[in-house]
Amino acid sequence: MFAKKHKSFNFIDRSVYVFSLIISLLIIAPIFGVILGNISVDNEYFKFFSQTELVRYTKNSLFILISVLFITFFLGTFSAYLVSFYEFPFVNFFKYSLLLSFAIPPYIFGYTLSGFFENYGTFYSILNYFLDEKIINSILPNLGPFLGSIISLSLTLFGYVFILTRSSFLNQSKNLIEVGKNLGFTTFDIFFKIILPSARPAIFIGLSLVGMETLADFGTVSFFGLSTFTTGIYNSWFIFDDLKTANVLSFLLLFFILTLFVLESFFRKNMKFHNSTSSLKRKNEKINLKGTKRILAFLFCFTIFFISFLFPLFQMLFWSFTFPNSFDFLEIISINFNSMKLIFFASTVIIFLSFFVNFGTRVLKSNVLSFFSNLSIAGYAIPGIVISVAIITFFSLIDNLLHLSIKSYFIGSLAGLIFGYVIRFYSISFNTIKTVYLKINKTIDDSALLLGFDKLKILKKIHFPLLKSHFVFAFILISIEIIKELPITLILRPFNFETFSTKAFNMASNDLIEAAAVPSLFIILWSSLLIILSIKFFLIDKK
Amino acid sequence: MKNFFDVKNVTFSSSSDHKLIDVTFNIKNPGDIISILGPSGVGKTTILRTIAGLEKIYKGEIWLNNSLISSKDFFIEPEKRGIALSFQDNSLFPHLNVYQNLIIGEKRKSKIKRKIKLEECIELFQLESLLKKFPHEISAGEAQRASLVRSLLSNPSLLLLDEPFSNVDIGLKEKLQVNLKNLLKENKISTIIVTHNYEEAFYFGGKCCLFSKNKLIQFDNPYNIYHFPASQDVANFFNKGAFLNAKVISDNELEHNILGVIKGKFVRKFKKGDIVKLLVQPEDLIHSDKSNLKFKIIDKRFLGTNFIYFLKVSAKEILPVLVHSHHIHQHTINEYFGVKTPIIIKHLVCF
Amino acid sequence: MFKVFLFLFIFVNSATANEINLFTSRHYESDARLFKKFTDQTGIKINIISGKSKILEKRIFEEGNNSKADILFLADAGALYSAQNKNLFSKIKSEFIKKKVPISLRNDFWVGITKRSRILYYNPNFLSKKEIEDISYEDLSDKKWLNSIAVRQSNNIYNQSLVASMLEHNGVNNTKKWLEGLVNNFARSPQGNDRAQILMVASGEAKLAIANSYYYALMLSGKKGIEQKKAAEKVIPIFPNQLNRGAHINISGAGIIKFSKNKKKAEKFLEFLLTNDSQSEFCSNSFEYPVIDDKGVDKPEYNLSSNFKEDTSIDVSIYGKRQAEAFKLMKKAGWN
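Residues numbered from 1 in each chain as written. Chains lettered and ligands numbered in written order. Predicted model: local features only at pLDDT ≥ 70, side-chain atom pairs only at ≥ 80, totals over all residues.

Moving on: the overall build of chain C. If you tally the helices and strands in chain C, you get 14 helices and 10 strands. Taking 20 Å as the expected radius of gyration for a compact globule of 336 residues, we find that chain C reaches 21 Å, a close match to that expectation. Of the contacts formed within chain C by residues at least 6 apart in sequence, a portion of 78% connects residues at least 24 apart. (Helix = DSSP H or I, 4+ residues; strand = E, 2+ residues; numbered from the N terminus. Rg over C-alpha atoms; globule rule 2.2 N^0.38 Å. Contact = placed C-beta atoms within 7 Å.)

Quick look at the structure:
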């Protein structure tokens, strides 16, 4: 017999394996290593917190979560239903324009909302032309912390539910409304008994994304002064100087959000079955709405579009013109350049890494690798502020352990900032690529092997060309997030390095929200552009 | 002398439940074609994938051209085996058009000097009109043809074909089968072809492996498999004959309680007085309108040149009888049908 | 292509020699403009990184010897105390600084740069001057203010500092009682920023607001628009405890980082911030009060500094020492 051991891995395989594993571990290490490595519940603040605050913070977080889920569910599914099955004025416009809500970061929506409705705010100025001051002050709605946070989060996040539900409707083989009518259902019954259940997996995926964003949100709730789990993390550190409790809370949050992740991937798997049965796509004949219904459908979509996109846009435009400030032209150019630099480097790195690890997981069929690569997407679920601190601590730990001095290259540098983005946004690219990979038949790889291609040649000649266009999509998705990102940029950026979000934050933190209008407008502009690009390339209804 | 290709006591298993235990077969000379036959789900594809190196083995050895390619401790990467596999489902690269797909494997260096011409293949497998189309624009049958040609052009030392014509229209299929066999023979390409259709298996295969229930149940030439099935399972696979319970009464006679004495040569030896199961195939019995031995027709099937009549012999025994379709007159269901006596069956296949 | 990336990275990370690195939790654009003047005068470039105080502190702490930070400039005395506790500062030696800034606004490790007061506001349409003239922080727990006080949430550091000073002056038990009374008098569940509290008073929804002095000046300056200016004009600020210890004050302050390689330049920069010109800039841009003798300092008329008695009886670093204790008591009293 042969003395040689089973040569399961050749040189290329082994290199792919090692690199994929290193990438995954590097992405996991700061989060899990730092957070889990520094946990203790025997602290002063934790005792105080668990006795008095924990219950309230949890309740607040859950209340916000449930309300936001409920509203995004309603807005997302109903608008998707209207634009998918009915014909009414501007329906083709709404189909895509509702996605522009992604261009508004929740915190900027919060600035808008509060600036508009506060005492002597924009709304007051408008009403002042018609009404007496006393009357206005008595009718101005009082947006408490709850209402403000819920509205801001719901109207900027419902797009997830909308886009996923809509693509699920598009994939259906038959016109569900016709089927329902044949069975003698009323329109109401058709919606609740046929249409909603048919899109259930998509709706759940959308809602779990909304849930993760809501739980990880810090900017909006802290702006409105609401105490939630994330602000609890913040308080334990800022007021009690107690990072350990902050880590405990981060871990609890992470655990909760990971559960959502698991649910999401579970539903994603189900959705695959769901779609694979409908190989015969047929273009749905849309139902032409008549009379009042036509107007109501239009009004519904228009109202959402108006509030979610035009309202913040107009408010920012209004402020830019009424409070012309010292924003100089050169600075705007330099910030644009900064943003492009970040987008370009970070997206390239993120896409390359996630492509490589996806490739490794696919061709090596290693359980260890797929476990770690799945864990490495957890960064999306963690508040940016926690990630940044984890990164700082991580590099200092590495230096101490290995007697290096690499931290100065990663803390307060472009490299460190990009590393932060990689951890936070890795999942976007990873999941986009994974979804496409799942659709590529495994026999494609096998055929290539049998035609004599080695693994790297498969990567270069087969997988790369197949995935190319999806890289562009991932690039756009990551870019939208980077443009909007605040906490990581704020903490890890190099000296004198501003982005539109840090600029807007600086202004807003000095209570000069009006002056934050110009940078906010640029965030909206950039994101809208990227969204329109993505619509143009990927989301137009295929015939 | 050693065989060109050898599978020795291999247990095949894929990630799913398919498992084939202790399988041994071979290709004697380079250029020979063997076929693998078996019901769907038995694991035929797993065998090909394992030979190609896409699955590993934990028992037995596989040898090609005097070198070991797979065993429990040894494994040659699929890309280095020089074995081509044409998959049953569409495995064309979606980003390349059909022409680019065909030539992508052409460059492979092969020890075997052989010239299969691209133009010739395109003509033989009728791909002219497809060359500029992309995989998603062509039918499953067309994709199979293209993928077959791609495998051929890669100059393999061993070609594996997994149901190569399963999606091709019947009319075209027979023509392509002839073209393929001629091409393989002309160029002396050693081939293993997997199919669940025994006619295809018999057409291509100098030898056939027949699998059933986790086992290789017979490895032999097609004639022997059909006429001298090694077990009841083999006979059952073709599902044409029927089994009758009969008693051995001499070294060339059986007795059945209704049909009476049946004469013939025993393929296997039995003792006098043994109760056996006799395989009766449709062409074994001869129809005679004059015969006194008549049975009720309970079903009838038209096969083009022939009819098969199904006769009810007893409550549990139904016999098929083949009759040429130009036979003077046809019989209808519920009529009585005569069987020529005495019954003589050339080979008595009993179990 | 890759070489181009590499070049860009190196280029971005490269540093010129004559510069100091400033970590600041103040986000004022006007600060940057002021620092530019220093560069013009001395040729020393100021590199800025801004962020929340704890994060800057954590970053310097973890960077240790490798830290690039030369100066840490923070917007609250409590935050300065925390950084001092982490042993991040080196001692300030400048005689100029010691001479200019009163001892209650500095210590060995850091120095106050600007000053603000946490004061009360009322609307004369709803409240007469007499009712409020001699008011003290202690009076706010009085039942007569039931449902009439507007203040932001307890997680706000200015509130924590105020309560910390109450703890220092009146002791734990009295402060506990005071907090219960105060919370009972809230006009609504705390929300919004300081300016929102002032607006509550302007619109008559609350009788008294607790807010920092510069928010009022900001509104009066017109930077928030004409409506807000008009609203602010309806409101009158009142400085509490004028008959005894004086109004609560807090500082923005800076210290020189222990690991700094540019300590001389850093000290020079701090001295620059304490000149009359610089102090005038702070007064008219971020509307804070000067920490130096204000005779030579130009101020807009709505700046309100030097018109009141301030509480100099306790060291501002007390706010840092008793911050967590204060927060716990506030939470226990139901201040959300």
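This part takes up the interface of chain C and chain A. Counting from both sides, the interface comprises 48 residues of chain C and, opposite them, 45 residues of chain A. Its residues assigned to classes, the side of chain C that touches chain A shows 15 nonpolar, 19 polar and 14 charged. (Nonpolar A, V, L, I, M, F, W, Y, C, P; charged D, E, K, R; others polar.)

A few words now on helix 2 (residues 29–42) of chain C. Structurally, the α-helix is built with 3.6 residues per turn, so residues lying three or four positions apart point the same way. Residues and elements named next belong to chain C. The end-to-end C-alpha separation of helix 2 is 21 Å, in line with the 20 Å expected for 14 residues at 1.5 Å each. Among the residues of helix 2, those classed as buried are Asp31, Phe35 and Phe38. Around the axis of helix 2, the buried residues are gathered within 45 degrees of arc, so they sit on the same side. Exposed and facing more than 90 degrees away from the buried side of helix 2 are Arg33, Lys36 and Asp40. The elements touched by buried residues of helix 2 are strand 2 (45–50) and helix 11 (263–273). One or two residues past the end of helix 2 sits Gly43, with phi positive at roughly 80 degrees. (Expected span 1.5 Å × (residues − 1). Buried ≥ 20, exposed ≤ 12 C-beta atoms within 10 Å, placed from the backbone. Arc of directions from axis to C-beta.)

A few words on the packing of helix 15 (residues 329–364) of chain A against helix 19 (residues 414–439) of chain A. Residue and element names in this part refer to chain A. At a minimum axis distance of 7 Å, the contact between helix 15 and helix 19 shows a crossing angle of 45 degrees. In terms of orientation, helix 15 lies oblique with respect to helix 19. As helix 15 runs across helix 19, the sense of the crossing is right-handed. On helix 19, the residues that touch Phe345, Ala346, Val349, Ile350, Ile351, Leu353, Ser354, Phe355, Asn358 and Arg362 of helix 15 are Leu414, Ile418, Tyr421, Val422, Phe425, Tyr426, Ser429, Phe430, Ile433, Lys434 and Tyr437. A per-class count over the contact of helix 15 with helix 19 returns 16 nonpolar, three polar and two charged. (Axes fitted to C-alpha atoms, helices over the stretch in contact; angles between N-to-C directions. Parallel < 35°, antiparallel > 145°, perpendicular 65-115°, else oblique. Left-handed = near helix turned anticlockwise from the far one by under 90°.)

Inter-chain contacts occur across two pairs of chains; the most extensive set of contacts lies between chains A and C. The smallest C-alpha distance separating chain B from chain C is 26 Å, and no contact links them.

All right, on to the sheet that holds strand 13 (residues 260–266) of chain B then. All names here are of chain B. Taken in spatial order, the five strands of this open sheet run 14-11-12-13-19, and their pairing is mixed. Strand pairing shows two members of the sheet lacking a second neighbour, strand 14 (275–280) and strand 19 (343–348), which therefore form its edges. Averaged over neighbouring strand pairs, the angle between their axes works out to 45 degrees when direction is ignored. Here three bridges tie strand 11 (residues 242–250) to strand 12 (residues 253–256), and the two strands are oriented antiparallel to one another. Considered in strand 12, the bridge of Lys247 is made with Glu255. (Pairing = 2+ DSSP bridges.)

The next subject is the interface of chain B and chain A. The interface of chain B with chain A comprises 22 residues on the first partner and 21 residues on the second. Take the side of chain B that touches chain A: its biggest share by element is three residues, from strand 6 (residues 83–86) of chain B. Considering only residue class, the side of chain B that touches chain A consists of 12 nonpolar, five polar and five charged.

All right, on to the domain arrangement of chain C then. Residues and elements named next belong to chain C. Domain boundaries assigned for chain C yield domain 1 (14–115 + 250–300) and domain 2 (116–247 + 319–332). The straight-line distance from the C-alpha centre of domain 1 to that of domain 2 is 28 Å. Taken together, the contact pairs 13 residues of domain 1 with 14 residues of domain 2. Of all the secondary-structure elements, those providing two or more residues to the side of domain 1 that touches domain 2 are helix 4 (77–85) and strand 5 (110–122). With five residues, helix 4 is the single largest residue contributor to the side of domain 1 that touches domain 2. Split by residue class, the side of domain 1 that touches domain 2 holds five nonpolar, five polar and three charged. (Domains from an automatic or database assignment.)

Turning next to the packing of helix 15 of chain A against helix 21 (residues 455–484) of chain A. Residues and elements named next belong to chain A. Two numbers describe how helix 15 lies on helix 21: the axes approach to 8 Å, and their chain directions differ by 140 degrees. Overall, the two elements helix 15 and helix 21 adopt an arrangement that is oblique. By crossing handedness, the relation of helix 15 to helix 21 is classed as right-handed. Residues Ser339, Leu342, Ile343, Ala346, Ser347, Ile350, Ile351, Phe355, Phe359 and Val363 of helix 15 form the contact with helix 21, whose participating residues are Lys455, Leu459, His463, Leu467, Phe471, Ala474, Phe475, Ile478, Ser479, Ile482 and Ile483. Within the contact of helix 15 with helix 21, the residues separate by chemical class into 16 nonpolar, four polar and one charged.

With that out of the way, let us pick up the nonpolar core. Leu160 of chain B together with Ile71, Leu72, Ile198, Val201 and Ala209 of chain C are the most contacted members of the largest nonpolar core, which has 362 residues in total. Per-element tally for this core: the top contributor is helix 2 (residues 44–85) of chain A, with 15 residues. Once you skip the residues sitting within four places of it in the chain, Ala209 of chain C turns out to touch Leu120, Tyr121, Ala150, Gln197, Ile198, Met200 and Val201 of chain C. (Core = buried A, V, L, I, M, F, W, Y, C linked by C-beta atoms within 7 Å.)

Our focus in this paragraph is the domain arrangement of chain B. Looking at chain B, the domain boundaries give domain 1 (5–233) and domain 2 (240–348). The gap between the C-alpha centroids of domain 1 of chain B and domain 2 of chain B is 38 Å.

Before going further, it helps to examine the environment of Phe302 of chain B. Tracing the backbone shows Phe302 of chain B in strand 15 (residues 294–302). For the pair Phe302 of chain B and Glu77 of chain B, spaced 225 residues apart in sequence, the C-alpha to C-alpha distance is 51 Å.

Looking now at the pairing of strand 1 (residues 5–13) of chain B. Residues and elements named next belong to chain B. Sheet topology note: the strand 1/strand 4 (residues 61–64) ladder contains four bridges and is antiparallel. Within the sheet, the bridge partner assigned to Val7 lies in strand 4 and is Ile62. Of the strand pairs in this sheet, strand 1 and strand 2 (residues 19–27) are connected by six bridges, and their pairing is antiparallel. When the bridges of strand 2 are listed, Asp6 appears paired with Asn26.

This part covers the sheet that holds strand 4 of chain B. Residue and element names in this part refer to chain B. Taken together, the four strands give an open sheet; going across it, the order is 2-1-4-5, and neighbouring strands pair in antiparallel fashion. Only two strands of the sheet have a single neighbouring strand rather than two, namely strand 2 and strand 5 (67–71). Along the sheet, successive strands turn relative to each other by an average axial angle of 25 degrees, direction set aside. Here helix 1 (residues 44–52) sits on the sheet in contact with strand 1, strand 2, strand 4 and strand 5, set at roughly 120 degrees to strand 1.

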